[in-house]
Amino acid sequence: QVQLVESGGGLVQAGGSLRLSCAASGRTSSSYTMAWFRQAPGKERLFVGRIRRSGGSTLYADYADTVKGRFTIFRDNAKNTMYLQMNSLKPEDTAVYYCAVGSNGDRRPPSYDYWGQGTQVTVSS
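Summarised in this report is the structure supplied together with it. (Residues numbered from 1 in each chain as written. Predicted model: local features only at pLDDT ≥ 70, side-chain atom pairs only at ≥ 80, totals over all residues. Heavy atoms only, no water.)

**Quick notes on the overall build of the chain**
Along the chain, the regular secondary structure elements total 0 helices and 11 strands. When the elements of the chain are put in sequence order from the N terminus, they spell out β-β-β-β-β-β-β-β-β-β-β. Here the C-alpha radius of gyration of the chain, 14 Å, is about what a compact globule of 125 residues would show, namely 14 Å. Taking the principal axes of the C-alpha coordinates as reference, the chain spans close to 40 × 25 × 25 Å. Of the contacts formed within the chain by residues at least 6 apart in sequence, a portion of 56% connects residues at least 24 apart. As presented, the chain carries roughly 6,400 Å² of accessible surface, and 47% of it is formed by carbon and sulfur atoms. For the chain, the distance from the average position of its 15 positive side-chain charges to the average position of its 9 negative side-chain charges is 3 Å. (Helix = DSSP H or I, 4+ residues; strand = E, 2+ residues; numbered from the N terminus. Rg over C-alpha atoms; globule rule 2.2 N^0.38 Å. Contact = heavy atoms within 4.5 Å. Areas by Shrake-Rupley, 256 points an atom, 1.4 Å probe, with all protein chains shown as cover. Lys, Arg positive; Asp, Glu negative; His and termini not counted. Charge placed at Lys NZ, Arg CZ, Asp CG, Glu CD.)

**Notes on the pattern of salt bridges**
Throughout the structure, instances matching the rule amount to 7 salt bridges. Its salt-bridge partner being Asp-62, residue Arg-50 comes within 2.8 Å of it at the nearest N-O pair. Of the two residues, Arg-50 is situated in strand 5 (residues 46-54) and Asp-62 in strand 6 (residues 58-63); the sequence distance between them amounts to 12 residues. Overall, Asp-62 belongs to the buried group, its relative accessible area being 15%. Taking the shortest distance from any N to any O, the salt bridge between Asp-93 and Arg-70 comes out at 2.8 Å. Here Asp-93 is found in the loop between strand 8 (81-86) and strand 9 (95-102), whereas its partner Arg-70 is found in the loop between strand 6 and strand 7 (71-76), with 23 residues between them in sequence. Take Asp-93 and Arg-70: they sit in the same class, and that class is buried. Taken together, the shared-partner salt bridges connect Arg-50, Arg-52, Asp-62 and Arg-107 into one network. (Salt bridge = Lys/Arg side-chain N within 4 Å of Asp/Glu carboxyl O. Buried < 20%, exposed > 50% of the residue type's maximum accessible area, 1.4 Å probe, protein only.)

**Here's the deal with the layout of surface pockets**
Counted as a void, the largest pocket has a volume near 220 Å³. In this structure, the largest pocket is lined by 15 residues; those nearest its centre are Arg-38, Leu-46, Thr-66, Glu-92 and Asp-93. Among the elements of the structure, strand 4 (33-39) and strand 5 are those that each provide at least two residues to the lining of the largest pocket. Of the residues that constitute the lining of the largest pocket, the class distribution is 5 nonpolar, 3 polar and 7 charged. (1 Å grid on protein atoms, 1.4 Å probe; cavity = no way out; pocket = protein on both sides within 12 Å on 5 of 7 lines; lining within 4 Å. Points joined across faces, edges and corners; volume = space filled by probe spheres on them. Nonpolar A, V, L, I, M, F, W, Y, C, P; charged D, E, K, R; others polar.)

**Observations concerning the pairing of strand 8**
For a regular strand, the rule is simple: side chains alternate between the two faces of the sheet. Among the 6 residues of strand 8, 6 are classified as buried, and the element is accordingly described as predominantly covered. Where strand 7 lies against strand 8, 6 bridges are found, and the strand directions are antiparallel. Within strand 8, the residue paired with Arg-75 across the bridge is Met-82. Here strand 7 folds back onto strand 8 in antiparallel fashion, the turn holding 4 residues, of which Asn-80 has a positive phi close to 50 degrees. (Pairing = 2+ DSSP bridges.)

Have a look at this one:
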């Protein structure tokens, strides 16, 4: 079992920044893919970005087109924590943000085995 706890959400004005954290505990592994998804009211859960290990110790991150260039994912393996740095926030970024962990996660929610409880991000115009 893996437990995930997100934090760092809140209310911010358009153009502002927030940093979300996802602390993992339990049977974690540095080889797992960690990802961020978001879900707006009445909408489906959408991929934001993920970070995964490839070819040994190298970490790669990829992002949804809607956040590319504005959001950055990074990971501190020593702390078992993943971060989502969000810059140039827009009102359409408003959603509940979830972190997820999977042994081979891709951009689809079902490919992840463990989920956090979510943290609300609200961007005012």
